[in-house]
Amino acid sequence: MDVEEFFSRLNAGETNFTGIDLRGACLIRSDLRDINLSGSDLRNADLTDVDLARVNLMGANLSGAILLNANLEYAILVGTDLRGADLECAILECANLTNANLRNAINESVLDAILCNTILPNGRISNDDCGRG
């Protein structure tokens, strides 16, 4: 599925995009709240200023993605690959990053996110929130 078809289906009310391949897609300033992108391939996608609140990104590949100023509040990022992603100024309040890999990600802070067996940008594993959320 290409980006044009993705937006056409999204605008028609579809919310389940499990396993979609949007590698390198430009999705700047899109409203993707409350949809299912679990298992999706979003490597190197440009998600600058995208609203991803409450999105299911479980097991998605976002390595190298640009998430500058993205809203990821309450997003499900369990097992998500965020290696090398640009998360500068991203809002991660209550995002679930359990088993996520953020190695080498550009990130100001994940303090408001749920961290359990989470690989942080510096390679350290955080278990700060195991048992929470």
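J.: Explanation requested: the overall build of the chain in the structure shown.
T.: Within the chain, the secondary structure is distributed over 1 helix and 2 strands. Its helices and strands in sequence order give the chain the pattern α-β-β, from N to C terminus. Rg of the C-alpha trace for the chain: 14 Å, near the compact-globule value of 14 Å for 133 residues, within the 12% margin. Principal axes of the C-alpha set define a box for the chain whose edges measure 40 × 25 × 20 Å. In the chain, which comprises 133 residues, the proportion classed as buried is 48%. Long-range pairs, those at least 24 residues apart, make up 3% of the contacts in the chain with a sequence separation of at least 6. Carbon and sulfur atoms provide 45% of the accessible area of the chain, an area that totals close to 6300 Å². In the chain, which carries 10 positive and 20 negative side-chain charges, the distance between the mean positions of the two groups comes to 5 Å.

J.: Explanation requested: the nonpolar core in the structure shown.
T.: Side chains that are nonpolar tend, in soluble globular proteins, to be buried together. Counting 39 residues, the largest nonpolar core has Phe6, Leu27, Leu37, Leu57, Leu62, Leu67 and Leu97 as the members making the most contacts within it. Contacts of Leu67, omitting those with residues within four sequence positions, involve Leu47, Leu52, Leu82, Ala85, Asp86, Leu87, Glu88 and Ala90.

J.: Which parts of the structure should I look at to understand the environment of Leu27?
T.: Inspection of the secondary structure puts Leu27 in the loop between helix H1 (3–11) and strand E1 (118–119). C-alpha of Leu27 to C-alpha of Leu67: the two residues are 40 residues apart in sequence and 10 Å apart in space. Excluding residues within four positions of it along the chain, Leu27 makes contact with Val3, Phe6, Phe7, Leu22, Leu32, Leu42, Asp46, Leu47 and Val50.

J.: What is the right way to read the state of the cysteines from this model?
T.: Each disulfide consists of one covalent bond between the sulfur atoms belonging to two cysteines. Applying the stated criterion across every chain, the model contains 1 disulfide. The disulfide bridge from Cys116 ends at Cys130, spanning 2.0 Å between sulfur atoms. Its S-S torsion of approximately 100 degrees makes the covalent link between Cys116 and Cys130 right-handed. One end of the pair, Cys116, is in the loop between H1 and E1; the other, Cys130, is in the segment after strand E2 (125–126), and 14 residues separate them in sequence. For Cys116, a relative accessible area of 17% puts it in the buried group.

J.: What should I look at first to understand the packing of aromatic side chains in this one?
T.: Aromatic ring pairs are described here by two measures, namely the spacing of the ring centres and the angle between the planes. Scanning all chains against the criterion turns up 2 aromatic pairs. Taking the centre distance of 4.7 Å and the plane angle of 70 degrees together, the rings of Phe6 and Phe17 count as edge-to-face. Taken together, the residues span a long stretch of sequence, with Phe6 in helix H1 and Phe17 in the loop between H1 and E1 at a distance of 11 residues. Owing to a relative accessible area of 2%, Phe17 belongs among the buried residues under this scheme. Taken together, the ring pairs in this structure connect Phe6, Phe7 and Phe17 into an aromatic cluster.

J.: Just checking my understanding: could you explain the side chain of Asp41 for this structure?
T.: You can see Asp41 is positioned in the loop between H1 and E1. If we skip the residues at most four places from it in the chain, Asp41 touches Ile20, Asp21, Leu22, Arg23 and Asn61.

J.: Even after reading the chapter, I still don't get the pattern of salt bridges, so can you show me in this structure?
T.: A side chain of one charge can pair with a side chain of the opposite charge if their charged atoms are brought near each other. Taken as a whole and judged by the stated rule, the model has 9 salt bridges. Arg9 is the salt-bridge partner of Glu5, the closest N and O atoms lying 3.2 Å from each other. In this pair, Glu5 and Arg9 both sit in helix H1, 4 residues apart, roughly one turn of the helix. Classification of Arg9 as partly exposed rests on a relative accessible area of 28%. Through salt bridges with shared partners, a single network forms among Asp21, Arg23, Asp41 and Arg43.

J.: Would you take a moment to explain the confidence of the model for the chain for this structure?
T.: Reading fine detail from the predicted coordinates is not recommended where pLDDT is low. Per-residue confidence for the chain averages 94 on the pLDDT scale, and 98% of its residues sit at or above 70. Summarising per-element confidence for the chain, the mean pLDDT is lowest in E2 (92) and highest in H1 (96).

Procedures and definitions
Residues numbered from 1 in each chain as written. Predicted model: local features only at pLDDT ≥ 70, side-chain atom pairs only at ≥ 80, totals over all residues. Heavy atoms only, no water. Helix = DSSP H or I, 4+ residues; strand = E, 2+ residues; numbered from the N terminus. Rg over C-alpha atoms; globule rule 2.2 N^0.38 Å. Buried < 20%, exposed > 50% of the residue type's maximum accessible area, 1.4 Å probe, protein only. Contact = heavy atoms within 4.5 Å. Areas by Shrake-Rupley, 256 points an atom, 1.4 Å probe, with all protein chains shown as cover. Lys, Arg positive; Asp, Glu negative; His and termini not counted. Charge placed at Lys NZ, Arg CZ, Asp CG, Glu CD. Core = buried A, V, L, I, M, F, W, Y, C linked by side-chain atoms within 4.5 Å. Disulfide = S-S within 2.5 Å. Phe/Tyr/Trp six-rings, centres within 6.5 Å; stacked < 30°, edge-to-face > 60°. Salt bridge = Lys/Arg side-chain N within 4 Å of Asp/Glu carboxyl O. pLDDT = per-residue confidence, 0-100.

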